Amino acid sequence: MLFAIIQYGFIFAAYITVRNASSVGARQAIINSNTAIGFARAAVGPMLDPNLATITLTPTNLPSGQAYSI
């Protein structure tokens, strides 16, 4: 039971890392879309392997401008 709790903690930490990376990448895409993928890869680094991350910027047209989804 103790090891299951510890394993769940590792999985939850990886989930938080991916969620943080998407937030950092989206923020950087708003500021400067040229380096958004690099920033998202750097944010994944502490917990996961950044070389295995697949990041795709998808532009979305809005009436007031343009947005990106990661």
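Structural data are supplied above this passage.
None of these values were measured; they are calculated from a predicted model.

Colleague: What is the right way to look at the side chain of Thr-17 in this model?
Modeller: Residue placement: Thr-17 occurs in helix H1 (residues 2-31). According to the relative accessible area criterion, Thr-17 is buried, its value standing at 12%. Not counting the four nearest positions on each side in its chain, Thr-17 is found in contact with Ala-43, Val-44 and Met-47.

Colleague: Whenever I open this one, the layout of surface pockets confuses me. Can you help?
Modeller: If you roll a probe as big as a water molecule over the atoms, it shows you where there is empty space left. Considered as a void within the structure, the largest pocket measures approximately 150 Å³ in volume. Residue lining of the largest pocket: 11 residues in total, with Val-18, Ala-21, Ser-22, Val-44 and Ile-55 positioned closest to the centre. Going through the elements one at a time, H1 and helix H2 (36-44) are the ones with two or more residues in the lining of the largest pocket. No other element matches H1, which puts three residues into the lining of the largest pocket. Classifying every residue of the lining of the largest pocket by side-chain character gives eight nonpolar, three polar and no charged.

Colleague: What should I look at first to understand the packing of aromatic side chains in this one?
Modeller: For any pair of aromatic rings, the description rests on two quantities: the centre-to-centre distance and the angle between the ring planes. Going through the model one piece at a time under the given rule, you end up with two aromatic pairs. Between Tyr-8 and Phe-12, the ring centres sit 6.2 Å apart and the planes meet at 20°, which makes this aromatic pair stacked. With Tyr-8 and Phe-12 both in helix H1, this residue pair falls four residues apart, about one helical turn. For Tyr-8, a relative accessible area of 56% puts it in the exposed group. Counting every residue linked through ring pairs, the aromatic cluster contains Tyr-8, Phe-12 and Tyr-15.

The rules we used
- Residues numbered from 1 in each chain as written.
- Predicted model: local features only at pLDDT ≥ 70, side-chain atom pairs only at ≥ 80, totals over all residues.
- Heavy atoms only, no water.
- Helix = DSSP H or I, 4+ residues; strand = E, 2+ residues; numbered from the N terminus.
- Buried < 20%, exposed > 50% of the residue type's maximum accessible area, 1.4 Å probe, protein only.
- Contact = heavy atoms within 4.5 Å.
- 1 Å grid on protein atoms, 1.4 Å probe; cavity = no way out; pocket = protein on both sides within 12 Å on 5 of 7 lines; lining within 4 Å.
- Points joined across faces, edges and corners; volume = space filled by probe spheres on them.
- Nonpolar A, V, L, I, M, F, W, Y, C, P; charged D, E, K, R; others polar.
- Phe/Tyr/Trp six-rings, centres within 6.5 Å; stacked < 30°, edge-to-face > 60°.

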